[in-house]
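Letter by letter, the chains look like this.
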Amino acid sequence: MTPDPAVRSIGTDFVLRLPDEASATASQDEEWCEVEVDGKTRRLRFHDYSEIYSIPGLYERLIYERLGCQSPRVIAGLIRQELASREADPADVRVLDLGAGNGIVAEELAELEIEHFVGVDIIPEAAQAAERDRPGLYAEYVVADMLDPASGAAERLQRQRLNALTCVAALGFGDIPPDVFCEALRQVETPALVAYTIKDAFLGEKDESGFSDLVDRLERDGSLVTLQKERYQHRLSWAGEPLHYVAVLAEKRADV
Ligand SMILES: C[S@@+](CC[C@H](N)C(=O)[O-])C[C@H]1O[C@@H](n2cnc3c(N)ncnc32)[C@H](O)[C@@H]1O
């Protein structure tokens, strides 16, 4: 797979080692790597985001260069087509980027000339890494659990008058649960473009994560209408196997 040219290499002060493919047998949420910094080696799970973001460039090297992640590029492609077909001005799009991490999705969307981004993530290291590596990209970055009314996230987000929601590679696997996604939908205006990626199994009939039920319910009551859907290779697993996700572009058409 060709690395995404929009994702820049950052920092090189570490050595990254992945187990050889034959011994990489754990499931997707247990994958790990070894990282050597200043002569000390640590084993990190791919989901140890706080530690991964704290090492400049590690997330880019691991997920994008080594494992060929395509998700931000695919989501940007769907949004590009939709804006073109509506003859919409990208400068009018105001994005809530949920599970924003260190800002790769916003950076990809900035290539489309979208200018206004507000990030939300549950860990402060994500916000710190976004500002360290992509300074000024987010107009505001909210570190909060959106289900905690005392966090003040809802008030901060509503002030931003956001009319698009992105959530890329962050749903399921102990990351963002359906309730948080639903809460983010409430914080964007109506109508709003909604673009997300999710592992294909979480949208199937046998899904037990709750996403499939949530999307069905929102579609049935007309609050969320799917405009485009594309199954694609999200990235390689550490064993070199393709991991398939679905990218969905939808529109919020009524209050949730
Ligand atoms: C795999 S990363 C994806 C980051 C970014 N969207 C990207 O594509 O590069 C998943 C992100 O979701 C965040 N996350 C997990 N649970 C969350 C929650 N409940 N609310 C907000 N963000 C959450 C993690 O901290 C992490 O930054």
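Up top is the structure.
Residues numbered from 1 in each chain as written. Predicted model: local features only at pLDDT ≥ 70, side-chain atom pairs only at ≥ 80, totals over all residues. Heavy atoms only, no water.

J.: Which residues make up the site of the ligand, and what values do they have?
T.: Taken together, 16 residues are adjacent to the ligand, and Y53, G99, D121, V168 and A169 come closest. Contact between the ligand and D121: an oxygen atom at 2.6 Å from a side-chain N or O atom of the residue. The backbone of I122 places a nitrogen or oxygen atom 3.4 Å from a nitrogen atom of the ligand. Counting only elements with at least two residues in the shell around the ligand, the list comes to α1 (49-54) and α2 (58-66). (Near = heavy atom within 4 Å. Polar contact = N/O pair within 3.5 Å; in protein donor to acceptor, adjacent residues only side chain to side chain. Helix = DSSP H or I, 4+ residues; strand = E, 2+ residues; numbered from the N terminus.)

J.: Report on a negative patch on the surface, specifying residues and quantitative values.
T.: On the surface, D89, D92, E113 and E115 cluster together into a negatively charged patch. Summarising the element assignment, D89 is placed in the loop between α3 (71-86) and β4 (94-98). D89 gets classed as partly exposed once you look at its relative accessible area, which sits at 43%. (Patch = residues over 30% accessible without salt bridge, like charges linked within 9 Å, V, L, I, M, F, W, Y side chains within 5 Å. Areas by Shrake-Rupley, 256 points an atom, 1.4 Å probe, with all protein chains shown as cover. Salt bridge = Lys/Arg side-chain N within 4 Å of Asp/Glu carboxyl O. Lys, Arg positive; Asp, Glu negative; His and termini not counted. Charge placed at Lys NZ, Arg CZ, Asp CG, Glu CD. Buried < 20%, exposed > 50% of the residue type's maximum accessible area, 1.4 Å probe, protein only.)

J.: Hey, could you go over the pairing of strand β8 (residues 192-199) for me, with residue numbers and the actual values?
T.: Among the eight residues that make up β8, eight are buried, leaving the element largely enclosed by the rest of the structure. By the alternation rule, side chains of β8 split into A192, V194, Y196 and I198 and L193, A195, T197 and K199, which are all buried. Two elements, strand β7 (residues 164-167) and β8, share four bridges in a ladder whose sense is parallel. Bridging across to β8, L165 finds its partner in V194. A crossover connection joins β7 to the parallel β8 through helix α7 (residues 178-186); in handedness this β-α-β unit is right-handed. Two strands pair when backbone bridges link them, and β8 and strand β10 (residues 242-252) are joined in this way by eight bridges, in the antiparallel orientation. Residue I198 lies in a different strand from β10, and its bridge partner there is V246. (Pairing = 2+ DSSP bridges. Right-handed = clockwise from strand over helix to strand, strands pointing away.)

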